[in-house]
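Observations on the three-dimensional arrangement
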Amino acid sequence: MSNPLTITAFSTALYSTWIFVEEFRLLLDAGDGVCAGLLGKSRKIDWVAVTHADRDHMTGLLQLQQLNAHDGKPQIFYPRDAGSFPAFGEFCRQFDPRSGPQITWSPIEPRQSYPIGDSLRIEALPNNHIQNSAQIKSVSYRVLREKRKLREQFRDLSQAEITALARREGSDALMESHTDILLSYAGDIGRTAPDPWLGSQILIHEATFLSEEDSGVLAQSKRHSQMPKRNQHSVLPDVLQLAKDVQPEVLVLNHFSSRYSPEEIEATVVEGAASLELTFPIYVIPPGRIVRDLLRQPPVWPRAAPSPDERS
Ligand SMILES: [Zn+2]
């Protein structure tokens, strides 16, 4: 990426997840501590896209609205049938009668989108974290930029010829629209096919567990086959294979379990990426740490070449 986005983030499974993309004025999930982590930067949040109502993804909204709500902002997107959000909105209006009513709450469902600023849209995608056939309780998101550009067959014309043609035929005959998928954010999610993520420049995907054994899913399903399904999460080797199929420009991994140390996570990512021969950079949001300007830090993969001092 020639000009990386400015991303500040905290993400630890069970405790809190929030990811702020400064250029988009967009917060992805709003776990505890988002205002304390961003301080004055939290005033730049105009839009909040919340993936589901687990408390570690939404309790930061209480302070955010109290400190920063004004003129209908922030606008908060939430999965259409997640009743926690209307209930929480009502609580905010009563608890903070000055700021609470300023917020805009916008239910969203897969394939629906809203404008965020002049040239961008946020779109919801289907999400399998909360298995519920009838209701939309969890979603993923992506940020789209629609561009109008000159149709291929006119690219060699001079400016005068283009102007003449536009006058004669109208601009739609000359221009076509093209959508860039600037960023996709999976949120909490289980195993998926590559399709929803194809074309994403940045893919932010959870990897709660480093291995299938750790996820305990197998043991759980054998012992409790009668119980309702647990909410779905992802396992690192699956996510790396998914990313290999998607081929994003950048992969960001988040939502690791706090049982892992950052060193253990990095080593496992490097090992997995090397064995799959991945060609794009991978960044990690390690548990328990706020990462500032993530994409201007050295990626975990590929590994930086050792400096001359280290080699000697
Ligand atoms: Zn979570």
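Note that the structure is a prediction, hence the values are computed from the model and not measured.

Procedures and definitions
- Residues numbered from 1 in each chain as written.
- Predicted model: local features only at pLDDT ≥ 70, side-chain atom pairs only at ≥ 80, totals over all residues.
- Heavy atoms only, no water.
- 1 Å grid on protein atoms, 1.4 Å probe; cavity = no way out; pocket = protein on both sides within 12 Å on 5 of 7 lines; lining within 4 Å.
- Points joined across faces, edges and corners; volume = space filled by probe spheres on them.
- Helix = DSSP H or I, 4+ residues; strand = E, 2+ residues; numbered from the N terminus.
- Nonpolar A, V, L, I, M, F, W, Y, C, P; charged D, E, K, R; others polar.
- UniProt positions renumbered as here; feature names shortened; annotations may be inferred.
- Phe/Tyr/Trp six-rings, centres within 6.5 Å; stacked < 30°, edge-to-face > 60°.
- Buried < 20%, exposed > 50% of the residue type's maximum accessible area, 1.4 Å probe, protein only.

On to the layout of surface pockets, then. Gaps left between atoms are located by rolling a probe of water-molecule size over the structure's atoms. Here the second largest pocket defines a volume of roughly 330 Å³. In terms of lining residues, the second largest pocket is bounded by 15 residues, among which Glu266, Val284, Pro298, Pro299 and Val300 are the most central. Contributions of two or more residues to the lining of the second largest pocket are made by α9 (262-276) and β13 (282-284). In terms of residue class, the lining of the second largest pocket is built from 11 nonpolar, one polar and three charged.

A few words now on the UniProt feature "domain: Metallo-beta-lactamase" (unreviewed entry) in the protein chain. Mapped onto this structure's residue numbering, the UniProt feature "domain: Metallo-beta-lactamase" (unreviewed entry) falls at residues 26-144. Segment residues 26-144 splits into 21% helix and 29% strand. End C-alpha atoms: 13 Å apart.

All right, on to the packing of aromatic side chains then. All told, the structure shown has six aromatic pairs when counted by the stated rule. Judged by centre distance (6.3 Å) and plane angle (70°), the ring pair of Tyr78 and Trp105 falls under edge-to-face. A residue pair is termed long-range when its members are at least 10 positions apart, and Tyr78 in strand β5 (residues 75-79) and Trp105 in strand β6 (residues 104-108) qualify at 27 residues. Judged by relative accessible area, Trp105 falls into the buried class, the value being 17%. Each residue in the set Tyr78, Phe85, Phe88, Phe91, Phe95 and Trp105 is aromatic and connected to the rest through ring pairs, giving one cluster.

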